[in-house]
Amino acid sequence: MLLGASFIKLAQVLATRSDFFSEEYLCELKELHDQLPPMSAREFNAVYTEAFGNAECFEQFEKTPIASASIGQVHCAYLHDGTKVAVKLRRATIVDQVGVDIKILNFFNNLFRPFFSTYTKNSIDAVISEFSKMIIQEVSFANELHNLKSFSEVYAKSGVRFPTPYEEFCCDCAIVMSYEEGFRFDDKKNLKKYAIDFHAIIRKLINFYTDQMLLEGYFHADPHPGNLLVSKEGELILLDFGMLKRVPNATRVAIIELIKAANEQNYELYISANKRLGTVAYEAPTAELAEFSAKMFAIFSNENLTSESMQQLAFDVLASTKDLPFKLPSDAIYILRVSAIIEGLGTTYIENFNGIKDILPTLQENIPKALGVKTFSELLTHGIKDTPFVLQNIQTSFQKIAEDDVEVKFSEDQLYWVAKEIKNYLKPLFGGFVFMAAAFFTLLYDKELKEWALGLFVIGVLQIFFKR
């Protein structure tokens, strides 16, 4: 493959954006989901032997893969009892290829770092670090087997179908699982043929991901159309469990606050929630960003916005935000990736589909469930049960105040901002003192160089007083 697995992952996200690309480009990009060139016969034989040895595991095994992606390829096979299964084999050289990809990414990151702002540097570092960890885990099919079992257990009652693994045949380079029949999520022709309601399946997908991110904090981070099937009956089928992520509770709470603020059009609270999420710098001007957010929400809430105008607006927004203090923390990377993919899937079927207009209302509906509140009586019951603990906390707080034992805790963003401000303040002082020290040692070395020493001293003074 000319593209490494890591770079293909990026292109797979772009392949869902029918609002950004023409059908001609999308057709080419979609091949990156599951139509990449398969392994050679020699590589296939080596991987098959490593996985199954000389054991007669299958009654029949089709050597031509039915799907071939960046990490592995999938074959159809039949067990000795006639059960049809899908066999996923890891590409022969993928572990080495991923290592090369990571080195290339780090090389270019180090090469261009001097040209980036502090926030851009940190965001790129976070992306590369998080992606490197995830892609290394993804090439381990033993890890994927563990993910499949745990995810299936957590979401057993979700109404979404998952493959059933045959663990006795699985290893680090192969997974054998039930063969799931369905059409790709973006297969408009077949979904229309079987009268499957596009709006219903998209809403079901959004609801499922709302449960994953807001309720359980455990989500499938790679729902591109090659991993997302729809059965003839309209049932969602999720495949490929190499990329699962957990959402820390603090991040989950920040997302809930973000959704609530957006729905209530409280844009200052929206920016504050973004700061807690880590996507906006702590010292960023809240009022200015709130005004910017209000404009963006007004634009993308427009029912008459076409895909062409949305594309232009998206590029305009990117251009206007390049100097704003936005960040990309590691916890948000895959959340944003999934959001972009799901929004892209929506644009496949619904004109003018976007997250603000079409996804936000569904997210808002699920906030009470995410907070664990179902009815007023339950809220009242919980309040009564928690009363003794609340009173105890109040008593403890007053006692600490009386004993002068109150602690002030700073968030990581606040500490980072303080450190950055101190560094910016001390940097010209340090540089100035270096020049002044150089002037002193120049005089000690040779008094005839007093003009040079004076020049260095003046530069030091200017550095201190005019660059602070």
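Everything below is about the structure shown above.
All of the points below concern the structure found in this document. (Residues numbered from 1 in each chain as written. Predicted model: local features only at pLDDT ≥ 70, side-chain atom pairs only at ≥ 80, totals over all residues. Heavy atoms only, no water.)

## A look at unusual backbone geometry
Then comes step 1: Of note in this structure, Asp240 is not a glycine but carries a positive phi near 60 degrees.
Then comes step 2: Considering the arrangement of structural elements, one finds Asp240 in the loop between strand 9 (236-238) and strand 10 (244-246).
Then comes step 3: Even without being glycine, Gln265 reaches a positive phi, approximately 55 degrees.
Then comes step 4: With respect to the helices and strands, Gln265 occurs in the loop between helix 9 (249-263) and helix 10 (267-277). (Helix = DSSP H or I, 4+ residues; strand = E, 2+ residues; numbered from the N terminus.)

## Overview of the environment of Phe241
Then comes step 1: Of note, Phe241 is situated in the loop between strand 9 and strand 10.
Then comes step 2: On a C-alpha basis, the gap between Phe241 and Phe219 in space is 9.9 Å, while along the polypeptide they are 22 residues apart.
Then comes step 3: Here Phe241 is in contact with Glu144, Asn147, Leu148, Phe151, Phe162, Pro163 and His220, once residues within four sequence places are set aside. (Contact = heavy atoms within 4.5 Å.)

## What about the packing of aromatic side chains?
Here a ring pair, both rings aromatic, is described through the centre-centre distance and the interplanar angle of the planes.
Then comes step 1: Counted according to the given criterion, the structure contains 19 aromatic pairs.
Then comes step 2: A ring pair is formed by Phe151 and Phe241, whose centres lie 5.5 Å apart and whose planes are at 55 degrees; its orientation type is tilted. Taken together, the residues Phe151 in helix 6 (residues 141-154) and Phe241 in the loop between strand 9 and strand 10 connect sequence positions 90 residues apart.
Then comes step 3: Here a set of aromatic residues connected by ring pairs shows up, and it is made of Phe151, Tyr155, Phe162, Phe208, Tyr209, Tyr218 and Phe241.
Then comes step 4: Between Lys84 and the ring centre of Tyr179, over which it is positioned, the NZ or CZ distance is 4.1 Å.
Then comes step 5: Here Arg246 stacks its cationic end above the ring of Tyr218, 4.0 Å away from the centre of that ring. (Phe/Tyr/Trp six-rings, centres within 6.5 Å; stacked < 30°, edge-to-face > 60°. Lys NZ or Arg CZ within 6 Å of the ring centre and 35° of its normal.)

## Some points on the packing of helix 8 (residues 198-216) against helix 13 (residues 330-349)
Then comes step 1: Where helix 8 meets helix 13, the axes come as close as 10 Å, and the angle between the chain directions of the two elements is 170 degrees. Here helix 13 runs roughly antiparallel to helix 8, going by the angle between their axes. Judged by residue contacts, Phe198, Ile202, Leu205, Ile206, Tyr209 and Met213 of helix 8 engage Ile335, Val338, Ile342, Leu345, Gly346 and Tyr349 from helix 13.
Then comes step 2: The residue makeup of the contact of helix 8 with helix 13, split by class, is 11 nonpolar, one polar and no charged. (Axes fitted to C-alpha atoms, helices over the stretch in contact; angles between N-to-C directions. Parallel < 35°, antiparallel > 145°, perpendicular 65-115°, else oblique. Nonpolar A, V, L, I, M, F, W, Y, C, P; charged D, E, K, R; others polar.)

## Observations regarding empty space enclosed by the protein
Then comes step 1: Evaluation of the coordinates by the stated rule reveals one cavity of 30 Å³ or more.
Then comes step 2: Space inside the largest cavity adds up to approximately 50 Å³.
Then comes step 3: Lining the largest cavity are Phe219, Lys245, Arg246, Val247, Pro248, Ser330, Asp331, Tyr334 and Ile335.
Then comes step 4: Elements with a contribution of two residues or more to the lining of the largest cavity: strand 10 and helix 13.
Then comes step 5: Here the element with the most residues in the lining of the largest cavity is helix 13; it accounts for four residues.
Then comes step 6: Counted by class, the lining of the largest cavity contains five nonpolar, one polar and three charged residues. (1 Å grid on protein atoms, 1.4 Å probe; cavity = no way out; pocket = protein on both sides within 12 Å on 5 of 7 lines; lining within 4 Å. Points joined across faces, edges and corners; volume = space filled by probe spheres on them.)

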